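For reference, the chains in residue letters:
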Amino acid sequence: MSPSESAAFVRACAVSDLKEDGVISVELGGDEIAIVKTGGEVFAIRDWCSHAAVPLSEGEVDGYTIECWLHGSCFDLRTGQPTSMPATVGVPVYPVKIEGDDVLVLAVFPKTELES
Ligand code: FES
């Protein structure tokens, strides 16, 4: 995070919006983020494959991985690291908090002039 940015937990969606092994894409802080529910846990990963920049939210969830639909790279939802080729570069993941039925994601925003 640069000095001109700040981070805050913001509501991404409702837990009840998510199906088991399901993904939805939301925009937070100017980034598209895939919100994934698997094994009863919720994860947030940038909705962007590091291999050729297609949305990961259109892929398949299998345990703690999400598979890119285009060439089949898998990414660990806990770390963002690729677990299979052809991708070799990780994808950002974001801390998640659950409050009631709300999924909160730690997103990074540009600081406003009042905050800086
Ligand atoms: S675009 Fe995702 S693996 Fe190639």
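First things first, this report covers the structure right here in the doc. Because the structure is predicted, anything quoted here is derived from the model rather than measured.

**Focus: the overall build of the chain**
Regarding its fold elements, the chain presents 0 helices and 10 strands. Sequence-ordered secondary structure for the chain, helices as α and strands as β, is β-β-β-β-β-β-β-β-β-β. Whereas a compact globule of 116 residues would reach a radius of gyration of roughly 13 Å, the chain reaches 14 Å, a difference of no more than 12%. In terms of overall dimensions, the chain has C-alpha extents of about 45 × 30 × 20 Å along its principal axes. Among the 116 residues that make up the chain, the fraction classed as buried is 28%. Long-range contacts, defined as pairs at least 24 residues apart, comprise 44% of the intrachain contacts of the chain with a sequence gap of at least 6.

**What about the nonpolar core?**
Judged by nonpolar contacts, the single largest core of 26 residues is most densely connected at Ile33, Ile35, Val36, Ala44, Ile45 and Ile66. Broken down by secondary-structure element, the contributors of at least two residues to this core are β2 (22-28), β3 (31-38), β4 (41-46), β7 (74-76), β8 (93-94) and β10 (102-110). Setting aside its immediate chain neighbours within four residues, Ile45 contacts Ala34, Val36, Leu56, Ile66, Phe75, Leu77, Gly80, Val91 and Val93.

**Observations concerning the sheet that holds β7**
Taken together, 3 strands build an open sheet; the order of strands is β5-β6-β7 and the sheet is antiparallel. The outermost strands of the open sheet, each flanked by one partner alone, are β5 (60-62) and β7. Geometrically, the sheet is characterised by an average inter-axis angle of 25° between neighbouring strands, direction not taken into account.

**With respect to the sheet that holds β8**
The 4 strands lie next to each other as β2-β3-β4-β8, forming an open sheet whose pairing is antiparallel. What marks the edges here is a single partner per strand, and that holds for β2 and β8. Two strands pair when backbone bridges link them, and β4 and β8 are joined in this way by 2 bridges, in the antiparallel orientation. Residue Ile45 lies in a different strand from β8, and its bridge partner there is Val93.

**Observations concerning unusual backbone geometry**
Cis rather than trans, the peptide bond between Met85 and Pro86 has omega equal to 10°. Along the chain, Pro86 falls in the loop between β7 and β8. In the Ramachandran plot, Asp21 falls in the positive-phi region, its phi being about 60° despite a non-glycine side chain. Relative to the helices and strands, Asp21 resides in the loop between β1 (5-14) and β2. In the Ramachandran plot, Ala53 falls in the positive-phi region, its phi being about 60° despite a non-glycine side chain.

What counts and what doesn't
- Residues numbered from 1 in each chain as written.
- Predicted model: local features only at pLDDT ≥ 70, side-chain atom pairs only at ≥ 80, totals over all residues.
- Helix = DSSP H or I, 4+ residues; strand = E, 2+ residues; numbered from the N terminus.
- Rg over C-alpha atoms; globule rule 2.2 N^0.38 Å.
- Buried ≥ 20, exposed ≤ 12 C-beta atoms within 10 Å, placed from the backbone.
- Contact = placed C-beta atoms within 7 Å.
- Core = buried A, V, L, I, M, F, W, Y, C linked by C-beta atoms within 7 Å.
- Pairing = 2+ DSSP bridges.
- Axes fitted to C-alpha atoms, helices over the stretch in contact; angles between N-to-C directions.

Note that every value here comes from positions in space, so none of it alone points to a role or purpose.
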